[in-house]
Amino acid sequence: MSRRKTRPRTSPAAAPVVTADSPCPCGLAASYGVCCGRFHSGTAGTAPTAELLMRSRYSAFVVRDEAYLLRTWAPETRPGEVDFDPVLRWTGLEIQGATDGTAFHQHGTVTFTASYVHEGEPGAMSERSRFARHEGAWVYVDGDVTA
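Owing to the predicted nature of the structure, the values given are computational and were not obtained by experimental measurement. (Residues numbered from 1 in each chain as written. Predicted model: local features only at pLDDT ≥ 70, side-chain atom pairs only at ≥ 80, totals over all residues. Heavy atoms only, no water.)

What exactly am I supposed to notice about the nonpolar core here?
A general feature of soluble globular proteins is that nonpolar side chains tend to end up buried together. In terms of nonpolar packing, the biggest core is built from 29 residues, with Met54, Leu93, Phe112 and Phe131 touching the most fellow members. Elements that contribute at least two residues to this core include exactly helix H1 (36-41), helix H2 (50-63), helix H3 (66-71), strand S1 (88-100), strand S2 (107-118), strand S3 (121-134) and strand S4 (137-145). Per-element tally for this core: the top contributor is H2, with 7 residues. Dropping the residues within four chain positions of it, Leu93 is found in contact with Cys26, Met54, Arg55, Tyr58, Phe112 and Thr113. (Core = buried A, V, L, I, M, F, W, Y, C linked by side-chain atoms within 4.5 Å. Buried < 20%, exposed > 50% of the residue type's maximum accessible area, 1.4 Å probe, protein only. Helix = DSSP H or I, 4+ residues; strand = E, 2+ residues; numbered from the N terminus. Contact = heavy atoms within 4.5 Å.)

Hey, could you run me through the confidence of the model for the protein in this one?
Low pLDDT marks regions whose predicted coordinates should not be analysed in detail. Confidence in the prediction of the protein, expressed as mean pLDDT, is 91, and 90% of residues score 70 or more. This model gives residues 1-12 a pLDDT under 50, and the stretch forms 5 contacts once residues within four places in sequence are excluded. (pLDDT = per-residue confidence, 0-100.)

What is the right way to look at the side chain of Thr109 in this model?
Looking at the element boundaries, Thr109 is found in strand S2. Classification of Thr109 by relative accessible area gives buried; the value is 11%. For Thr109, the side chain forms a polar contact with the side chain of Thr99, separated by 2.4 Å. Beyond its immediate stretch of four places on either side in the chain, Thr109 contacts Gly97, Ala98, Thr99, Arg128, Ser129 and Arg130. (Polar contact = N/O pair within 3.5 Å; in protein donor to acceptor, adjacent residues only side chain to side chain.)

Would you take a moment to explain the side chain of Arg55 for this structure?
Along the chain, Arg55 falls in helix H2. Accessibility expressed as a relative area gives 10% for Arg55, which makes it buried.

Would you mind going over the layout of surface pockets with me for this structure?
One simple way to see leftover space: roll a probe sized like a water molecule over the atoms. In this model, the largest pocket occupies a volume close to 490 Å³. Lining of the largest pocket is provided by 24 residues; of these, Phe61, Trp73, Val82, Trp90 and Met125 occupy positions nearest its centre. Mapped onto the lining of the largest pocket, the elements with two or more residues apiece are H2, S1, S2 and S3. In terms of residues, the lining of the largest pocket owes the most to one element, H2, which gives 5 residues. A per-class count over the lining of the largest pocket returns 16 nonpolar, 1 polar and 7 charged. (1 Å grid on protein atoms, 1.4 Å probe; cavity = no way out; pocket = protein on both sides within 12 Å on 5 of 7 lines; lining within 4 Å. Points joined across faces, edges and corners; volume = space filled by probe spheres on them. Nonpolar A, V, L, I, M, F, W, Y, C, P; charged D, E, K, R; others polar.)

Okay, here's the thing in structure tokens:
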């Protein structure tokens with residue numbers, strides 16, 4: 001029987017201060033409170049499209065909202081916890097495209113690039129994410145990282 005090494009838990013650096021009046025981290029022209037923040041708090045129900053769910057999940061990574069990320073992850077692929085890198089700071093989101101993922105679909109994909117700074121070095125991660133309906137709400141299933 002093999003044993004997996006686990007990385008020591010570190011206390012995460014403080015999440016960036018994002019208020020209801022701050023620009024939304026997802027890049028849409030709205031404040032955080034009326035954009036992704038309403039989904040994080042649950043005051044607006046769930047994201048109505050796969051793309052809006054993708055944007056709200058990106059913003060949840062920015063503000064380190066583990067509860068929202070887990071709540072919007074498909075049960076069959078959901079991890080037990082989200083391990084935020086304490087020295088990584090997300091800096092921007094660009095959506096390249098989306099297929100399906102509306103009120104008329106059960107599945108959808110969103111292709112995006114997320115920019116970040118890690119230990120002072122800029123970088124970017126691209127992914128084609130898959131989403132599905134679970135009990136009527138959009139959830140993140142999994143994705144293929146492309147860069």
